[in-house]
Amino acid sequence: MERVLLPVWLQKVFICSMLWVSGHGSSGQTWSVMFGQSSICALKGSSVVIPCEFSYPKGLEVSRTFWTKSVRPPTDICEDKHYEGRVHYLGDGVRNCTLKLTALSVKDTGGYYFRFTTNASTMSWLSPHGVSLAVTDLKVTGPGVAVAGETVSLRCSTTCTPHGRMSYAWTKNSKPLSGRAPTDADKLDLGPLGVSDDGYYACVAQGTNGTSSPAMRLSVEYAPALTSVSFSPSHVILQGASVTLTCHSNSSPPVLSYTWYKMAGSRARLLGSGQTYTFRNVRPSHSGQFFCMATNKHGSQNSTHRPMYIQYPPKETFASMTPPGDITEGLSVTLTCNSDGRPPVTNYTWYKIAGAGVSQIGNRQAYTFSNVTSSDSGQYFCMASNMHGGRNSTFAVLDVLYPPRHTSASLHPADETLEDGLAALRCSSDGNPRVENYTWFMEDVAPPVGSGENYSTVEGGWYYCRAWNKIGGQRSTSLYVVGKKIFSVALMLVIISVGIFLLLIPVTVASVCAFKRRRTNQRNQQANGTDPNTDTYIALQRKSVSSDYGILTRSHENEYTDTVSGPIYENFRQNRDPWSDPTSVQTVRLPEDHTSTYEIADDIYENQNYPGVTPK
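Reading the values: the criteria
Residues numbered from 1 in each chain as written. Predicted model: local features only at pLDDT ≥ 70, side-chain atom pairs only at ≥ 80, totals over all residues. Heavy atoms only, no water. Helix = DSSP H or I, 4+ residues; strand = E, 2+ residues; numbered from the N terminus. Buried < 20%, exposed > 50% of the residue type's maximum accessible area, 1.4 Å probe, protein only. Contact = heavy atoms within 4.5 Å. Areas by Shrake-Rupley, 256 points an atom, 1.4 Å probe, with all protein chains shown as cover. Pairing = 2+ DSSP bridges. Axes fitted to C-alpha atoms, helices over the stretch in contact; angles between N-to-C directions. Core = buried A, V, L, I, M, F, W, Y, C linked by side-chain atoms within 4.5 Å. Phe/Tyr/Trp six-rings, centres within 6.5 Å; stacked < 30°, edge-to-face > 60°. Lys NZ or Arg CZ within 6 Å of the ring centre and 35° of its normal. Disulfide = S-S within 2.5 Å. Salt bridge = Lys/Arg side-chain N within 4 Å of Asp/Glu carboxyl O. Patch = residues over 30% accessible without salt bridge, like charges linked within 9 Å, V, L, I, M, F, W, Y side chains within 5 Å.

Looking now at the overall build of the chain. The secondary structure content of the chain amounts to 2 helices and 45 strands. In the chain, which comprises 616 residues, the share counted as buried stands at 33%. Contacts spanning at least 24 positions in sequence make up 64% of the contacts within the chain whose residues lie at least 6 apart. Accessible surface for the chain amounts to roughly 35900 Å². Of this, 52% is attributable to carbon and sulfur atoms.

If you want it as structure tokens, here you go:
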């Protein structure tokens, strides 16, 4: 057979070529086109080769060859823009008519036919049967929804079975699946499923320029998880504000219901439902531990407990004192400032009432007197403060007790209600609590002589008192009292009688003597011729009286007086014997040493001449 060489311009390589070949067919050959496969399955994006051979009668020359998808009229696929750049004719124009298609798309699916023409105008051939090409896409099949904990299988499927051996790789959310190497198995097993397995899965055919299936969503459903509580405002929550609690939870499907609880001791108390729960005008009593429960069709989950503390300035501030009970001098006393505040009180200031003002004494929660004295007694209060304000406490009264001190005994003038002659003594002392008992003593006398703050006595001597309260006692210094006598009526009568008797003795003696002198004088006058009836008076001379004596009073009054009622003496009536009238007898105040002094009338008056007596 004679072979004709193609012209040089036909030897250029074209993607889509039309071969004009001159040659003669083999003797006895008929018209025919033979394909290696009647149907081919190829993946989208891959390439496919369609093997082909043809024959024609002897004596004819092939003028043109091409592939077509349409029978009437047959159109060269090379002229279809859809195939532009993707059709490669591998035949030789004599016998081989093999075709290669690249970058297949689903649109390429269909029947392909080979047609050639000869130099005889009426001689052309179209294969009566074409090659069926099915272009399939990858598709992930499997359950779209699964429950956490289950195991599922995903399969990379096609609408037909591609020719040849395939290997597959898997991606999740467009990233290679971690820990999964490509395999010829078209199945991916997942399980037990967790929340992290939720996502978009796709399979990739190896050797197909990364042909990948559309991603399939695997939704892993699960009961609520990661349930938590948040507050708004989230930081400082002040008393009186509005506070909203929000329950957060991650679940699939979404949470169907929310329930709120507050811990009451070891038990939970139901508050309400809803994703949010609001307190309006919040109070400190709202403080506590809160949690919520989120529920969907797969189950429920409680959040962790979330504390909510309502902040407020100090309140219920008060001062306490230790030790309790009576406080005596020398003890250690601590004042403590107590207050309720949130955040807790950090600043304390102590004050003491000082008259109409106050004085600051300390700035700690506790203020201590290490050795308390009575001068520390008084009213104290503290001020507690935090970042939201301050508050003063109530007053704490520190009353330091001590036994009597500065105890003294003193002599006071007699009270008007007392009988004359009583010495009034008073015992004074300072003590806390006030002195409850006063007791009087005399030196060198064993039993007490009296009791009470005031004491009266007629007996001289050294006196002292002792003051007592429940803390202790103290004795005063001794006081000397000069004795005074007090007389009863009977005693006064006895004294007056004795006094009169004692006075009568010298009066009687004086009268006798005077009578004798008178008789003697009368005799002398008669002898001298003097008239005995002549009244002769000689001026009386007042005798000086010592200041140690008091004022004279008449004896029948039987009393002492501190006032001068008249002169020390009085003139006697004419021709009257001063000693014959007892009412004229004078008595003197007792001297301060309280010894009685009596003087004879002759010692009181001097130069006294009686009637009928011639003065010297």
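For the rest of this paragraph, the subject is the sheet that holds strand 13 (residues 152–157). If you trace the 3 strands from one edge of the open sheet to the other, you get 11-13-16, paired in antiparallel fashion. At either margin of the open sheet sits one strand with a lone partner, and together these are strand 11 (139–141) and strand 16 (187–190). Direction aside, the axes of adjacent strands within the sheet are offset by 20° on average. Two elements, strand 11 and strand 13, share 3 bridges in a ladder whose sense is antiparallel. Each residue of the ladder has a partner; that of T141, found in strand 13, is R155.

Counting residues in each nonpolar core, the largest one holds 26 residues, and the members touching the most others are W67, L101, F114 and L133. Among the secondary structure elements, those contributing two or more residues to this core are strand 2 (39–43), strand 3 (48–50), strand 4 (52–55), strand 5 (62–68), strand 6 (87–89), strand 7 (99–101), strand 8 (110–118) and strand 10 (131–136). Grouped together as the second largest cluster of nonpolar side chains are 20 residues, W170, L177, C203 and A205 included.

With that settled, the discussion passes to the packing of aromatic side chains. For the structure on display, the rule yields 20 aromatic pairs. Seen in terms of ring centroids, Y261 and F291 are 5.1 Å apart; in terms of plane orientation they differ by 15°. Their pairing is stacked. Placement of Y261 in strand 21 (residues 257–264) and of F291 in strand 24 (residues 288–296) is noted, with a sequence separation of 30 residues between them. Taking relative accessible area as the criterion, F291 reaches 7% and is therefore assigned buried. Each ring, one from Y367 and one from F369, has its centre 5.1 Å from the other, and the planes form 85°; the classification is edge-to-face. Of the residues examined, Y367 reaches a relative accessible area of 24% and is grouped as partly exposed. Overall, the relative accessible area of 8% leaves F369 in the buried class. Members of the aromatic cluster, connected to one another through ring pairs, are W31, F35, F54, Y56, W67, F114 and F116. Its end group placed over the ring of F231, R306 keeps NZ or CZ at 4.4 Å from the ring centre.

With respect to the element layout, V445 can be found in the loop between strand 38 (437–442) and strand 39 (450–451). Owing to a relative accessible area of 32%, V445 belongs among the partly exposed residues under this scheme. The spatial distance from the C-alpha of V445 to the C-alpha of Y463 is 9.9 Å, given a sequence separation of 18 residues.

This part is about the pairing of strand 29 (residues 333–342). For a regular strand, side chains alternate in direction, first toward one face of the sheet and then toward the other. Across 7 bridges, the pairing between strand 27 (residues 312–322) and strand 29 is antiparallel. Pairing of Y312 across the sheet is with R342, part of strand 29. In the sheet, strand 29 pairs with strand 32 (residues 366–369) via 4 bridges, with the strands oriented antiparallel. Within strand 32, the residue paired with V333 across the bridge is F369.

This model, assessed by the stated rule, comprises 6 disulfides. Between C247 and C292 runs a disulfide, and the two sulfur atoms are separated by 2.0 Å. On the sign convention where negative means left-handed, the S-S torsion of about 70° between C247 and C292 marks this disulfide as right-handed. Taken as a pair, C247 in strand 20 (residues 243–252) and C292 in strand 24 lie far apart in primary sequence, 45 residues in all. Each member of the pair, C247 as well as C292, is classed as buried. C427 shares a disulfide with C465; S-S distance 2.0 Å. Classification of the bridge connecting C427 and C465 rests on its S-S torsion, roughly 70°, and on that basis the disulfide is right-handed.

It is worth spelling out the sheet that holds strand 27 at this point. Reading across from one edge, 27-29-32 is the order of the 3 strands in this open sheet, with antiparallel pairing throughout. Each edge of the open sheet carries a strand with a single partner, namely strand 27 and strand 32. For this sheet the average axis-to-axis angle between neighbouring strands, irrespective of direction, equals 10°.

As a working rule, side chains carrying opposite charge can pair if their charged atoms are close by. The tally for this structure, following the rule as stated, stands at 9 salt bridges. Close ionic contact of R86 with D108 constitutes a salt bridge, the shortest N to O distance being 2.8 Å. You can see R86 sitting in the loop between strand 5 and strand 6 and its partner D108 sitting in the loop between strand 7 and strand 8, a full 22 residues away along the chain. Across the pair, exposure class does not vary: R86 and D108 are buried alike. One salt bridge in this structure joins R405 and E329, with 3.6 Å as the shortest N-O distance.

To continue, consider the environment of Q379. As for its position among the elements, Q379 is in strand 33 (residues 378–386). The exposure class of Q379 is partly exposed, given its relative accessible area of 34%. Taking the C-alpha atoms as reference points, Q379 and Y351, 28 residues apart in sequence, are found 8.6 Å from one another.

For the rest of this paragraph, the subject is the side chain of T171. Turning to its location among the elements, T171 is positioned in strand 14 (residues 168–172). Residue T171 is classed as buried on the basis of its relative accessible area, which comes to 16%. Setting aside its immediate chain neighbours within four residues, T171 contacts P176, L177, Y200, Y201, A202 and V204.

Trans is the prevailing form of peptide bonds, just as negative phi is the prevailing case for residues other than glycine. In the segment running from S232 into P233, the intervening peptide bond is cis, with an omega of 5°. With respect to the helices and strands, the residue P233 is situated in the loop between strand 19 (216–232) and strand 20. Of note, the amide linkage connecting R342 to P343 takes the cis form, showing an omega dihedral of 0°. Summarising the element assignment, P343 is placed in the loop between strand 29 and strand 30 (347–354). With a phi angle near 50°, A103 is a residue other than glycine that sits in the positive phi range. Among the structural elements, A103 can be located in the loop between strand 7 and strand 8.

A separate point is the side chain of S303. Locating S303 in the fold gives a position in the loop between strand 25 (299–302) and strand 26 (306–308). Apart from the residues lying within four places of it in its own chain, the contact partners of S303 are T227, S228, V229, F291 and C292.

Nonpolar side chains collect at one region of the surface, where V498, F501, L502, I505 and V509 lie side by side and expose about 460 Å² of accessible area between them. Tracing the backbone shows L502 in helix 1 (residues 489–528).

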